[in-house]
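Here is how the chains run, residue by residue.
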Amino acid sequence: MVSKKKKKLTPVQQEYQALAKKREPSKFTFKNLYRAFLVGGLICLLGQAVQQMFIHWWGFEEKAASSPTVGVMIIISVILTSLGVYDKIAQWAGAGTAVPVTGFANAMASAAIEYRREGLVLGVGGSIFKVAGPVIVFGSLAAFCVGIAYIIFDPNIVGG
């Protein structure tokens, strides 16, 4: 057997390892799960509150209130992203901020902000679709598959 001698690290290497260990993502803990659940739930609660405002203050039907609610949640997410607040919440909450509408709006706004120096078309437009492209493709594919399953299993659609 070949014995492996442990190399002695230089002070710079030791400092780098200490820094890397400090920056290393935390391991799964109940605290991470709690934070994600709390923030994700609060985002959904905010969305429900916005929808109820449309229903009670402006007389929308529940189904009709959904579209402006999504719009308001997207606007809130983009504003918080542009102010740097959404990212701080995401660092604290982890996956809890990935609630579909707000998480997707954050991802697109972040890409737009990051690449704005490269111009509107090639920078912002091109970079937004790096994020949006896979979501749109897989979302469309999933919608197609659900539609086919709906046609197959709902007797009222085809000659039933």
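Just so it is clear, the structure is predicted and the values come from calculations on it, not from any experiment.

Rules used in this analysis
Residues numbered from 1 in each chain as written. Predicted model: local features only at pLDDT ≥ 70, side-chain atom pairs only at ≥ 80, totals over all residues. Heavy atoms only, no water. Helix = DSSP H or I, 4+ residues; strand = E, 2+ residues; numbered from the N terminus. Buried < 20%, exposed > 50% of the residue type's maximum accessible area, 1.4 Å probe, protein only. Expected span 1.5 Å × (residues − 1). Contact = heavy atoms within 4.5 Å. 1 Å grid on protein atoms, 1.4 Å probe; cavity = no way out; pocket = protein on both sides within 12 Å on 5 of 7 lines; lining within 4 Å. Points joined across faces, edges and corners; volume = space filled by probe spheres on them. Phe/Tyr/Trp six-rings, centres within 6.5 Å; stacked < 30°, edge-to-face > 60°.

Enquirer: Tell me about the environment of Pro-11, and name the residues and values.
Expert: Its place among the elements puts Pro-11 in helix H1 (residues 11–23). Looking at Pro-11, the relative accessible area reads 63%, which means it is exposed. Put simply, Pro-11 and Ile-136 are 125 residues apart on the chain and 49 Å apart in space, counted from C-alpha to C-alpha.

Enquirer: Lay out helix H2 (residues 30–58) in plain terms, naming residues and giving numbers.
Expert: A rise of 1.5 Å per residue sets the reference length of H2, with its 29 residues, at 42 Å; its end C-alpha atoms lie 41 Å apart and thus fit the reference within 8%. Of all the positions in H2, only Arg-35, Ala-36, Val-39, Gly-40, Ile-43, Gly-47, Val-50, Gln-51, Phe-54 and Ile-55 are classed as buried. The secondary structure elements touched by the buried residues of H2 are helix H3 (62–82), helix H4 (85–93) and helix H5 (100–114). Of the residues flanking the end of H2, it is Gly-59, one or two places downstream, whose phi is positive at about 70 degrees.

Enquirer: Residues and numbers for the layout of surface pockets, please.
Expert: Left-over empty space is what a probe sized like a water molecule reveals as it rolls over the atoms. What the largest pocket holds in volume is close to 190 Å³. Contributing elements (two or more residues each) for the lining of the largest pocket: H2, H3 and H5. If you tally residues by element for the lining of the largest pocket, the top one is H2, at 5 residues.

Enquirer: Residues and numbers for the packing of aromatic side chains, please.
Expert: Per the counting criterion, the structure on display carries 3 aromatic pairs. When the ring of Phe-54 is compared with that of Trp-58, the centres are 5.2 Å apart and the planes differ by 45 degrees; the resulting orientation is tilted. A residue pair is termed a helical-turn pair when its members lie 3 or 4 positions apart in one helix, as Phe-54 and Trp-58 do in helix H2 at 4 residues. Under the relative-accessibility criterion, Phe-54 is labelled buried at 13%. Given a relative accessible area of 52%, Trp-58 falls into the exposed group. Relative to Trp-58, the ring of Trp-57 lies with its centre 5.9 Å away and its plane at 80 degrees, an arrangement referred to as edge-to-face. As far as the burial class goes, Trp-57 and Trp-58 line up, both exposed. Of the aromatic side chains, those joined through ring pairs into one cluster are Phe-54, Trp-57, Trp-58 and Phe-60.

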